[in-house]
Structure formats: C-alpha cells, structure tokens
Amino acid sequence: MGATVIAVSSNDTYTFTKPNRDSITLLAGLGVEGDVHAGVTVKHRSRVAQDPTQPNLRQVHLIHQELFDEVREEGFEVAPGQLGENVTTRGIDLLALPVGTLLRLGADAVVEVTGLRNPCLQIDRFQEGLLKQVVGRDTEGNIVRRTGIMGVVRAGGVIRPGDAIDVELPAAPHRPLEKV
C-alpha cells in the first residue's frame, strides 16, 4: 500500500486545532482555501510580528498518522487536525524528505516541501507532556522535531481522505529539512 491522505483539516480562525473536512482545496501560491494560514506572506502570528513581508513557507502543514500511533502508546490521544495540520498522511516518512520534494496529492495538487514545523508550547496546552513526546534530541544532542513538515502549494487542487500521495525527490545533492 502506498502513501495516502488520512484526513484533511482547515480553519478560518486562529485556533490550535483544525476541524476535519470532507475535502480541502489547495490554491497555488497561497495555501489551503479558507484557512487562516493561507497567503503569499507569513500568517503565523509570531512570524508576522517579526516581519510581515516574509514569504509564507508554511502554507500547508502535513503530519504523519504514525506519530499519533506512537504517542498513543505513551498514553496520549491525538486525532487528525488536533495538532493544527492541514493534511494527515500514512505510509510516507515525511521527516526524511529533503527540501524541495514535490508531493502530489490527489489528482492535481502539488506541494513543495519547505521544512520542518517548529513545535511550540501550545502542544503542552493541548495535552500536558505531549511536547516532550514530539520533540527530542538525537545522539549528538541536536533537536529532533517530529511534528510534521511545511510546504507551499505549487499546483492547486482538491484533496480528500483516501487520496494517493506520490513523491518526487529533487535533484541531488539533497538538503535536509530544517525548521521554517
């Protein structure tokens, strides 16, 4: 079985979680239609405060269902959309993808991977102790962020649960993901 979309979520207001939808529409260069984070320039409040003219490299947030399965084993219940993601996936190692990877979602939509989501304290407000489950350190002491990836929309289209995800890696050498 290949990579698939498990759930799609969006919200037109600033809240931590996003309700699941039957479908979402991606708009080229903007993000998820009707989502508070859609736009050419940054929409995340902390980034707007720093420089509202920055390009929006966080138009679409994707997270892997496998993370929810892992934290469930530690006693946390997290469902699609609850960590603020737009697309919940299964069967693809999102965190291992290099910058510039193209993800073809459904029939038409294409998202270019820009980097890692930088998890924040809101995760602990959602469920106390969850932040330590999704952020850690590797053997060299580097921070490991596991709360999904961010991307920009290169081609628009409708995405629904059950849609296939195809991966197109960029030309080598590959650049590893960093927080955006």
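These numbers come from a predicted model, not from an experiment.

Participant: Break down the overall build of the chain for me, citing the residues and quoting the values.
Facilitator: Helices and strands together make up the secondary structure of the chain, namely four helices and 13 strands. Against the 2.2 N^0.38 benchmark of 16 Å for 180 residues, the chain shows a C-alpha radius of gyration of 15 Å, consistent with a compact globule. For the chain, the spread of C-alpha atoms along the three principal axes comes to 40 × 35 × 35 Å. With 180 residues in all, the chain has 45% of them scored as buried.

Participant: Could you give an account of the layout of surface pockets, naming the residues involved and the relevant values?
Facilitator: Its volume calculated, the largest pocket comes out at about 520 Å³. Surrounding the largest pocket, 23 residues form its lining, His 37, His 44, Arg 58, Cys 120 and Gln 122 being those nearest its centre. Elements that contribute at least two residues to the lining of the largest pocket include exactly helix H1 (45-50) and strand S5 (60-64). Per element, the largest residue contribution to the lining of the largest pocket is three residues, and it comes from H1.

Participant: Please set out the pairing of strand S7 (residues 102-105) residue by residue, giving values where relevant.
Facilitator: Pairing between S7 and strand S8 (residues 109-116): four bridges, direction antiparallel. Bridge pairing in S8 links Leu 103 to Val 111. The turn joining S7 and S8, which pair antiparallel and follow one another in sequence, is formed by three residues; a positive phi near 70° is taken by Gly 106.

Participant: Outline helix H2 (residues 65-73), supporting the account with residue identities and numerical values.
Facilitator: In an α-helix, one turn spans 3.6 residues; hence positions three or four apart end up facing the same way. Within the span of H2, buried status applies to Gln 65, Leu 67, Phe 68 and Val 71. Down the axis of H2, the sector holding all buried residues measures 150°, keeping them to one side. Buried residues in H2 make contact with strand S1 (4-9), S5, strand S6 (87-90) and helix H4 (130-134). Positive backbone phi, at 95°, marks Gly 75, one or two positions downstream of H2.

Participant: Explain the environment of Gln 54 residue by residue, including any values.
Facilitator: Assignment of secondary structure puts Gln 54 in the loop between H1 and S5. On the basis of relative accessible area, Gln 54 is assigned to the partly exposed category, the value being 23%. The spatial distance from the C-alpha of Gln 54 to the C-alpha of Gly 91 is 32 Å, given a sequence separation of 37 residues. In this structure the side chain of Gln 54 is engaged in a polar contact, spanning 3.1 Å, whose partner is the backbone oxygen of Arg 47. Of note is the side chain of Gln 54, whose polar atom sits 3.1 Å from the backbone oxygen of Asp 51.

Participant: Go over the pattern of salt bridges with me, naming the residues and quoting the values.
Facilitator: Counted by the stated rule, this structure contains seven salt bridges. Linking Arg 72 and Asp 69 is a salt bridge whose minimum nitrogen-to-oxygen distance equals 3.2 Å. Here Arg 72 and its partner Asp 69 are both found in helix H2, three residues apart, which amounts to about one turn of the helix. Exposure remark for Arg 72: the relative accessible area of 34% places this residue in the partly exposed category. Here Asp 69 falls in the partly exposed class, since its relative accessible area comes to 24%. A salt bridge links Arg 72 to Glu 77, with the shortest nitrogen-to-oxygen separation between them at 3.3 Å. Judged by its relative accessible area of 48%, Glu 77 falls in the partly exposed class. In the salt-bridge network here, residues are joined through shared partners; they are Asp 69, Arg 72, Glu 77 and Arg 90.

Participant: Please provide a residue-by-residue account of the packing of aromatic side chains, values included.
Facilitator: Taken as a whole, this structure holds one aromatic pair when the rule is applied. Aromatic side chains Phe 16 and Phe 126 sit 5.9 Å apart centroid to centroid with 40° between the ring planes, which places their arrangement in the tilted category. Taken together, the residues span a long stretch of sequence, with Phe 16 in the loop between S1 and strand S2 (20-21) and Phe 126 in helix H3 (residues 122-126) at a distance of 110 residues. Assessed through its relative accessible area of 17%, Phe 16 is described here as buried. Directly above the aromatic system of Tyr 14 lies the positively charged group of Arg 45, at a separation of 4.1 Å from the ring centroid.

About the criteria used
- Residues numbered from 1 in each chain as written.
- Predicted model: local features only at pLDDT ≥ 70, side-chain atom pairs only at ≥ 80, totals over all residues.
- Heavy atoms only, no water.
- Helix = DSSP H or I, 4+ residues; strand = E, 2+ residues; numbered from the N terminus.
- Rg over C-alpha atoms; globule rule 2.2 N^0.38 Å.
- Buried < 20%, exposed > 50% of the residue type's maximum accessible area, 1.4 Å probe, protein only.
- 1 Å grid on protein atoms, 1.4 Å probe; cavity = no way out; pocket = protein on both sides within 12 Å on 5 of 7 lines; lining within 4 Å.
- Points joined across faces, edges and corners; volume = space filled by probe spheres on them.
- Pairing = 2+ DSSP bridges.
- Arc of directions from axis to C-beta.
- Contact = heavy atoms within 4.5 Å.
- Polar contact = N/O pair within 3.5 Å; in protein donor to acceptor, adjacent residues only side chain to side chain.
- Salt bridge = Lys/Arg side-chain N within 4 Å of Asp/Glu carboxyl O.
- Phe/Tyr/Trp six-rings, centres within 6.5 Å; stacked < 30°, edge-to-face > 60°.
- Lys NZ or Arg CZ within 6 Å of the ring centre and 35° of its normal.

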